[in-house]
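# Examining the three-dimensional arrangement
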Amino acid sequence: MPTPASEPSNTDPVLIFDSGVGGLSVVRALRAQLPGVPLAYVCDNAALPYGTKPDDWLVARIVAVCAAALAASGARALVVACNTASTLALEALRERLAIPVVGTVPAIKPAAALSHSGVIGLLATSATVCRPYTDRLIADFAAGRTVVRVAADALVAQAERRVAGEPLDRDALDRALAPLWAEERLDTVVLGCTHFPLLSEVLAERAPRPVQWVDSGAAIARRVAQVLDPLPPVGTNAGDPAWATGPVSPGLTRGFAGFGFGTPRSLVLPASHD
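It should be emphasised that the depicted structure is a prediction, and the values quoted were computed from it without experimental measurement.

## Thoughts on the sheet that holds strand S9 (residues 242-244)
With respect to topology, six strands assemble into an open sheet ordered S4-S3-S1-S2-S9-S10, the strand pairing being parallel. Only two strands of the sheet have a single partner each, and these edge strands are strand S4 (101-102) and strand S10 (265-266). Of the strand pairs in this sheet, strand S3 (residues 77-80) and S4 are connected by two bridges, and their pairing is parallel. Residue Val79 lies in a different strand from S4, and its bridge partner there is Val102.

This is how it looks when you write it as structure tokens:
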């Protein structure tokens, strides 16, 4: 049965969940499109990276973290700003939580529509590139297109470093992107991990030729607007609350502050999930 929730008000926040800081790219889109909506953020950095964990363990973990963060934040909606978590746990979250749950999928459909050459790249983590749901997205929305799938797990760490204000490894960026450029007709790249838009300017700089970079942030913001009723008046959203399951470094605190959040607090989980 879903966890009971009090009657929501338009001052209750939208909770953004990710294993790390990738969801901040979705926060950026939400701040731009819905400037009056208060937000909260939960980062399961104690379990980062998710791609190395068993699926069953991850589902239980994701539900536990989101339920604890919902109890702490009083959120009126949840955005699962993580492709891996969305593929695994959306059904379980919707069964457990009595609030709307918005998931994240790679932007295959808009990329296929934007491409002039019919060749698009999918830049994602290993956990996303080869999942059946990705196969279905390509079959449904990119039939007749060539999709170059590239597992670029190294970019997750680079995005975490950028948010923390640490220097990037330019060689690691180039190695991650290199498989895309083998296809000369490729003109559009899907950023299929929410971490990756945090690097979009750097990725464009490292590309040997201009391409279109497409992510899901704007689509997620539009979906959130649909599930929120009513929308609050425009506000400043300075110092919105955030939680983390693991250590909070000074760099992480500065990074969250740059997106309008206060210092992340420690999220306490049930003993079986800590």
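## Some details on the confidence of the model for the protein
Chain-level pLDDT for the protein is 91 on average; 92% of the residues reach the 70-or-more range. Of all the helices and strands in the protein, helix H5 (residues 126-129) carries the lowest mean pLDDT, 87, while strand S7 (residues 188-191) carries the highest, 98.

## Focus: the pattern of salt bridges
This structure, assessed with the given rule, holds eight salt bridges. The partner of Asp240 in a salt bridge is Arg31, and the shortest N-O contact between them spans 2.9 Å. Here Asp240, found in the loop between helix H10 (217-227) and S9, pairs with Arg31, found in helix H1 (residues 24-33); they are 209 residues apart in sequence, far enough to count as distant. On the basis of relative accessible area, Asp240 is assigned to the buried category, the value being 8%.

## Some remarks on the packing of aromatic side chains
Enumeration according to the criterion identifies five aromatic pairs in this entry. With a centroid separation of 6.5 Å and an interplanar angle of 35°, the aromatic rings of Phe17 and Tyr50 are classed as tilted. Residue Phe17 is found in strand S1 (residues 14-18), and its partner Tyr50 is found in the loop between strand S2 (39-43) and helix H2 (55-73); the two are separated by 33 residues along the sequence. Note on Phe17: relative accessible area 0%, which makes it buried. With relative accessibility at 3%, the residue Tyr50 sits in the buried group. Between the aromatic rings of Tyr41 and Phe261, the centroid separation amounts to 5.8 Å while the plane-to-plane angle is 65°, which identifies the pairing as edge-to-face. Separated by 220 residues along the polypeptide, Tyr41 in strand S2 and Phe261 in the loop between helix H11 (250-257) and S10 bring together distant segments of the chain. Taken as a pair, Tyr41 and Phe261 share a single burial class, namely buried. Here the aromatic cluster, defined as three or more aromatic residues joined through ring pairs, consists of Tyr41, Phe256 and Phe261.

Basis of the calculations
Throughout, a residue's number is its position along its own chain's written sequence, starting from 1. Only residues with pLDDT of 70 or above have their local features reported here, since the model is predicted, and side-chain atom pairs are shown and tallied only from 80 upward, although totals for entire chains, interfaces and linings are computed over all residues. To obtain the side-chain values, all non-hydrogen atoms of the structure were included, while hydrogens and water were left out. Note: two strands are recorded as paired if DSSP finds a minimum of 2 bridges between them. Note on conventions: DSSP H or I runs of at least 4 residues are helices, E runs of at least 2 residues are strands, and numbering of each starts at the N terminus. pLDDT is a per-residue confidence score from the predictor, ranging from 0 to 100. Salt bridges are defined as contacts in which a side-chain nitrogen from Lys or Arg sits within 4 Å of a carboxyl oxygen from Asp or Glu. We call a residue buried when its accessible area falls under 20% of the maximum for its residue type, exposed when it is over 50%, and partly exposed in between, using a 1.4 Å probe and counting protein chains only. The criterion for an aromatic pair is that two Phe, Tyr or Trp rings (for Trp, the six-membered ring) have centres within 6.5 Å, with stacked assigned to planes under 30 degrees apart, edge-to-face to planes over 60 apart and tilted to the rest.

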